[in-house]
There are 2 protein chains.
Amino acid sequence: MNKKEDKLGIKAKKTEDFSEWYNEVVIKGQLADHSTLKGFMIIKPTGYAIWEKIQSCFDKSIKKLGVRNAYFPLLIPESFFKKEAEHAEGFAPELAWVMDEEQREKYALRPTSETIMYDSYSRWIRSWRDLPLRLNQWCNVLRWEVKQTKLFIRTREFLWQEGHCVYETDEECKKEKLTYLNEYKEICEDLLAIPVLEGEKTDRERFAGAKTTYTLEALMPDGKALQMGTSHNLGQNFAKAFGIKYLGKDEKERMPWQNSWGISTRLIGALVMAHSDDNGLVLPPKVAPTQIVIVPIFKSENRGEVVKKAEELKSKLKNYNIELDDRDGYTPGWKFNEWELKGVPIRIEIGPKDIAKNQVVLARRDNNSKEAVKINQLDKKIKDTLEDIQSSLFNKAKKFLNSNITEAKNWNDFNKKIKNKKLVKAFFCGKVDCEDNIKDKTGGATSRLIPFNQPKKLGKCVHCNKESKFLVLFGKAY
Amino acid sequence: MNKKEDKLGIKAKKTEDFSEWYNEVVIKGQLADHSTLKGFMIIKPTGYAIWEKIQSCFDKSIKKLGVRNAYFPLLIPESFFKKEAEHAEGFAPELAWVMDEEQREKYALRPTSETIMYDSYSRWIRSWRDLPLRLNQWCNVLRWEVKQTKLFIRTREFLWQEGHCVYETDEECKKEKLTYLNEYKEICEDLLAIPVLEGEKTDRERFAGAKTTYTLEALMPDGKALQMGTSHNLGQNFAKAFGIKYLGKDEKERMPWQNSWGISTRLIGALVMAHSDDNGLVLPPKVAPTQIVIVPIFKSENRGEVVKKAEELKSKLKNYNIELDDRDGYTPGWKFNEWELKGVPIRIEIGPKDIAKNQVVLARRDNNSKEAVKINQLDKKIKDTLEDIQSSLFNKAKKFLNSNITEAKNWNDFNKKIKNKKLVKAFFCGKVDCEDNIKDKTGGATSRLIPFNQPKKLGKCVHCNKESKFLVLFGKAY
């Protein structure tokens, strides 16, 4: 048994080797595995069950908002990419191509579906009656990443949803792109218990082909920012490139306005980083595929009695996602470790002594506390504890985020704070060249977002000292 | 308005040009569209909503059976295909390959995932404790079809689920592959109202690499058989090829047994063919994204009153998937046509005269019957009518199927009945060559299945007159 226990546990420490720790938690927590194919991952059942929770939650929200799901082809003709110059240039390094000897044209595996969807939109949209058009698809996308890949965070294939809407007016378009950003915030904060910051992207970080990109950013425990979701105001760029037009109420031909927005399986990576610890996964109750595990503590002579009681408890608590671990051949201690590794929020231990006292022992995964609970109070206690775990995880993460945002008045200060793994607010000129320089000199700091609430008075750019355009949040990112 | 009505309706007749009729119903019923890419389709929101119903229904069933969802990479290294010779040969003509200049190996876009999944299984499975392993994935697959493509039925990319299970014994494996086939039958008959026949495939029609393939076949109104779902007993073929082994309870190294099984978006094609008519789609209530549509009948002077009453009805019936069509600028007749085209099972008409009588007019899509219903009886009437439409559609299709199965005692008889678009039962030797000949001589008839219930006494093969192996059902297929 000892050998197995060694094999199970996480060896790296979160505070010492974050990257190796993360990899171990993902793999040993059974969320995902590396594929034989370089840069590709396999999403294992527990990881996929988390994705299904995110999907189900988000899918319900957008359906209420009038969005409908559809499915567009995986392959995109090369000519489509060439229609919107900035989009083509932005995605060029990441495309994988399909050979087809019959065809004259090369096909790219979709890295995102603007071009193939808008080709259809140009045929489907005729009049103002067809607008707003709000479609979404859940699918796989491929980006031939050249950087080091990382499970869930940066892989050559990942799963996501992409929403693509078309509106009569610029106003509607602008308004709704924030609606979707708010839905993402709800997913991050309410479901995953990860606090996020919201804002606009600078020119350098904007989505290829968009007029404006809006983003949610979270801060990971290693001091790096992680983009959690984005929403793009495409303006009329793609409508122009793909010839999307509609007949207005005034019987005149008009050009519509578009936005697109997405979240991906990357959120599962953020979830792991934000909450997990040196014993493995820690999952917020709302997204945990298993919320409670019952571990009966028995010897062969009282196995029957204890397991029977455990089964009774399980059926009493059947409204939760609950598992009973009555496997033979494993010690309770070994089982405790395994379920801790898997991040199950609540563990219920029950043995002969507990049965005699009509109680169970309830252990919390998030803070390791243990307490005896009378069985007739268990239902209420479980409900309260799950709620408390969910809010505690969020509050802890929120405190961490708040204590790591700081401001820098000058370039020296900026450098020092970036080195100290802070998110740094500073005035910035907005120029791509200047941001390139900041990235080079700091070993990787880029603008994460331009906060929606800007100060009334702006100072000089923290790097070039020229007139600044806005206050920007900088940080290192994945 | 007339011009629009012309454009909306189906021009081809189901009995005269089935193929063109089908294409029109799919496109004008807004289920799917052809893509600019040859052989690819776009699944539009209504089509995708039907797929979501199938998914949700089947996903619940398999989760109850202990199957868990996962996701494996889209790309499959060429070397994986070469490991199982029969599998490699079977799929060779249908593969599309990805170019990647950095890599030495070519990658195929998955046509099915046995090889990439079993490569992982060989690393994951260690002992009998890891078995049975039951994984499923919902994904896109690509088969570079050379035959004429047809929306939903035969396209170069389609959506499906593929289940892949591993067991300790041959018995478990054989038993469960029929479990999944039964679930498919439930989906076809209970949800889609399409009766199916079940049986085994002959050597010629077997899945590439399988020991045995089990199939469900339905008969379409043009006399062609359509494969609705398959389950394969893979035996130990892939375990051998991919080195999947486990340590048995007896501490000895053993080789496991496997099955795989799938259904696809092709079912939506079957749904259209089976029930729809010259006015467009006819959808069984259980799978219809919209089950009821309310069309208020008003003039500008009484619009307010009528629409208000219609809204009241809608909110009373909110447990159904219901829509209220209060658009201005379209006549009730035009709306009726449009909702008929879209296959909505029940239409409720309500005008000032109905309001005065405290009634509505209820129209059934399946048989065009119309009747006045008192509003206080509407809820019960709707429930009964939806159930009746569901069972009527099934019974009608069942009657059609039964009346088109026949037996052939000799080769002349066989030919005549195949020409008459029947499903023909005949004794057959089971040889691939003999089946090739039958196909050539009849212009396309192949064995559809070997029924599970075989006669005790067999006659001579209907084609070669040699000893027959079983009674087989022959027919033409898509």
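Note that the structure is a prediction, hence the values are computed from the model and not measured. (Residues numbered from 1 in each chain as written. Chains lettered and ligands numbered in written order. Predicted model: local features only at pLDDT ≥ 70, side-chain atom pairs only at ≥ 80, totals over all residues. Heavy atoms only, no water.)

A.B. asks: Explain the relation of the copies chain A and chain B here, please?
C.D. replies: What relates the pair of chain copies is a rotation about an axis plus a shift along that axis. For the pair chain A and chain B, the relating rotation is 180°, the translation along its axis is 0.0 Å, and the fit reaches an RMSD of 0.0 Å. Between the two chains, the operation in question is that of a two-fold axis. In terms of proximity to the rotation axis, the leading residue of chain A is Val-98 of chain A, whose C-alpha is 2.3 Å off the axis. Residue by residue, 100% of the interface of chain A is reproduced at the interface of chain B, so both copies engage with the same surface. (Least-squares fit on C-alpha atoms with pLDDT ≥ 70 in both. Contact = heavy atoms within 4.5 Å.)

A.B. asks: Help me understand the sheet that holds strand β9 (residues 197–200) of chain A, please; the structure alone is not making it clear to me.
C.D. replies: Where strands meet in a sheet, backbone hydrogen bonds hold them as pairs that are either parallel or antiparallel. Residues and elements named next belong to chain A. Read across the open sheet, the 11 strands follow the order β3-β7-β8-β14-β11-β10-β9-β22-β23-β21-β20; overall the sheet is mixed. Every interior strand has two partners, whereas the edge strands, β3 (68–69) and β20 (405–407), have only one. Relative to strand β21 (residues 423–428), β20 is paired through 3 bridges, and the arrangement is parallel. Among the inter-strand pairings, Glu-407 is bridged to a residue of β21, identified as Lys-425. (Pairing = 2+ DSSP bridges. Helix = DSSP H or I, 4+ residues; strand = E, 2+ residues; numbered from the N terminus.)

A.B. asks: I keep staring at unusual backbone geometry and nothing clicks. Help me out?
C.D. replies: Trans peptide bonds make up the majority, and among non-glycine residues the majority have a negative phi. Of note, the bond from Leu-131 of chain A into Pro-132 of chain A is cis; its omega dihedral lies within 30 degrees of zero at -5°. One can find Pro-132 of chain A in the loop between α6 (114–124) and β7 (133–142). Positive phi outside glycine occurs at Phe-152 of chain B, with the angle close to 70°. With respect to the secondary-structure elements, Phe-152 of chain B resides in the loop between β7 (133–142) and β8 (157–167). Phe-152 of chain B gets classed as buried once you look at its relative accessible area, which sits at 2%. (Buried < 20%, exposed > 50% of the residue type's maximum accessible area, 1.4 Å probe, protein only.)

A.B. asks: For this particular structure, what's the right way to read the interface of chain A and chain B?
C.D. replies: Many descriptions give the size of an interface as the accessible area lost when the pieces come together. Listed per partner, the contact involves 55 residues of chain A and 55 residues of chain B. Buried area between chain A and chain B, summed over both chains or domains, comes out near 4,400 Å², and the portion from carbon and sulfur atoms is 58%. Contact with chain B buries surface across chain A, with Leu-37, Tyr-71 and Met-99 of chain A losing the most and accounting together for 15% of the total. Taken together, chain A and chain B are joined by 2 salt bridges. When the shortest N-O distance is used, the salt bridge between Lys-63 of chain A and Glu-52 of chain B registers 3.2 Å. Linking chain A to chain B there are 21 residue pairs in polar contact (both at pLDDT 80 or more). (Buried area = accessible area lost by both parts, 1.4 Å probe. Salt bridge = Lys/Arg side-chain N within 4 Å of Asp/Glu carboxyl O. Polar contact = N/O pair within 3.5 Å; in protein donor to acceptor, adjacent residues only side chain to side chain.)

A.B. asks: When you look at the domain arrangement of chain A in this model, what are you seeing that I'm missing?
C.D. replies: For chain A, the assigned domains are domain 1 (12–275), domain 2 (292–385) and domain 3 (405–475). Averaged C-alpha coordinates put domain 1 of chain A and domain 2 of chain A at centres separated by 41 Å. (Domains from an automatic or database assignment.)

A.B. asks: Can you help me understand the pattern of salt bridges in this one?
C.D. replies: Between side chains of opposite charge, a pair can form as their charged atoms come close. All names here are of chain A. Tallying each qualifying case throughout the model produces 72 salt bridges over all chains. With its nearest N and O atoms 3.1 Å apart, the salt bridge here joins Lys-185 to Glu-198. A residue pair is termed long-range when its members are at least 10 positions apart, and Lys-185 in helix α7 (residues 170–191) and Glu-198 in strand β9 qualify at 13 residues. On the accessibility criterion, Glu-198 (23% relative accessible area) is partly exposed. Beyond isolated ion pairs, a larger network of salt bridges with shared partners links Lys-201, Arg-204, Glu-205, Glu-217, Asp-436 and Arg-448.

A.B. asks: When you look at the environment of Lys-466 of chain B in this model, what are you seeing that I'm missing?
C.D. replies: All names here are of chain B. Residue position: Lys-466 is located in the loop between β22 (445–451) and β23 (470–476). Looking at Lys-466, the relative accessible area reads 58%, which means it is exposed. Put simply, Lys-466 and Ile-125 are 341 residues apart on the chain and 46 Å apart in space, counted from C-alpha to C-alpha. Contact partners of Lys-466, with chain neighbours within four places excluded, come to Lys-460 and Cys-461.

A.B. asks: Where do I start with the packing of helix α3 (residues 45–64) of chain B against helix α9 (residues 266–275) of chain B in this structure?
C.D. replies: Packed helices, taken two at a time, are described by their axes: the angle between them and the distance between them. Residue and element names in this part refer to chain B. Running from amino to carboxyl end, α3 crosses α9 at an angle of 110°, the nearest separation of the two axes being 10 Å. By the angle class used here, α3 and α9 are roughly perpendicular. Contact residues: α3 offers Gly-47, Ile-50, Trp-51 and Ile-54, while α9 offers Leu-267, Ile-268 and Leu-271. Each residue belonging to the contact of α3 with α9 can be placed in one class, and the counts come to 6 nonpolar, 1 polar and no charged. (Axes fitted to C-alpha atoms, helices over the stretch in contact; angles between N-to-C directions. Parallel < 35°, antiparallel > 145°, perpendicular 65-115°, else oblique. Nonpolar A, V, L, I, M, F, W, Y, C, P; charged D, E, K, R; others polar.)

A.B. asks: Hey, could you run me through the environment of Ile-125 of chain A in this one?
C.D. replies: Residues and elements named next belong to chain A. Its place among the elements puts Ile-125 in the loop between α6 and β7. The exposure class of Ile-125 is buried, given its relative accessible area of 1%. Measuring from C-alpha to C-alpha, the distance between Ile-125 and Pro-256 comes to 9.7 Å, with 131 residues separating the pair along the chain. Other than its neighbours up to four places away in sequence, Ile-125 contacts Asp-130, Leu-131, Leu-133, Val-166, Ile-244, Lys-245 and Tyr-246.

A.B. asks: Just to check I follow, could you spell out the nonpolar core for this structure?
C.D. replies: Grouped burial of nonpolar side chains is what soluble globular proteins tend to show. Residues Leu-75, Leu-109 and Tyr-121 of chain A together with Leu-75, Leu-109 and Tyr-121 of chain B are the most contacted members of the largest nonpolar core, which totals 80 residues. When near neighbours in sequence (up to four residues on either side) are disregarded, Leu-75 of chain A contacts Val-98, Tyr-107, Ala-108, Leu-109 and Ile-116 of chain A together with Leu-37, Phe-40, Leu-109, Leu-142 and Trp-144 of chain B. (Core = buried A, V, L, I, M, F, W, Y, C linked by side-chain atoms within 4.5 Å.)

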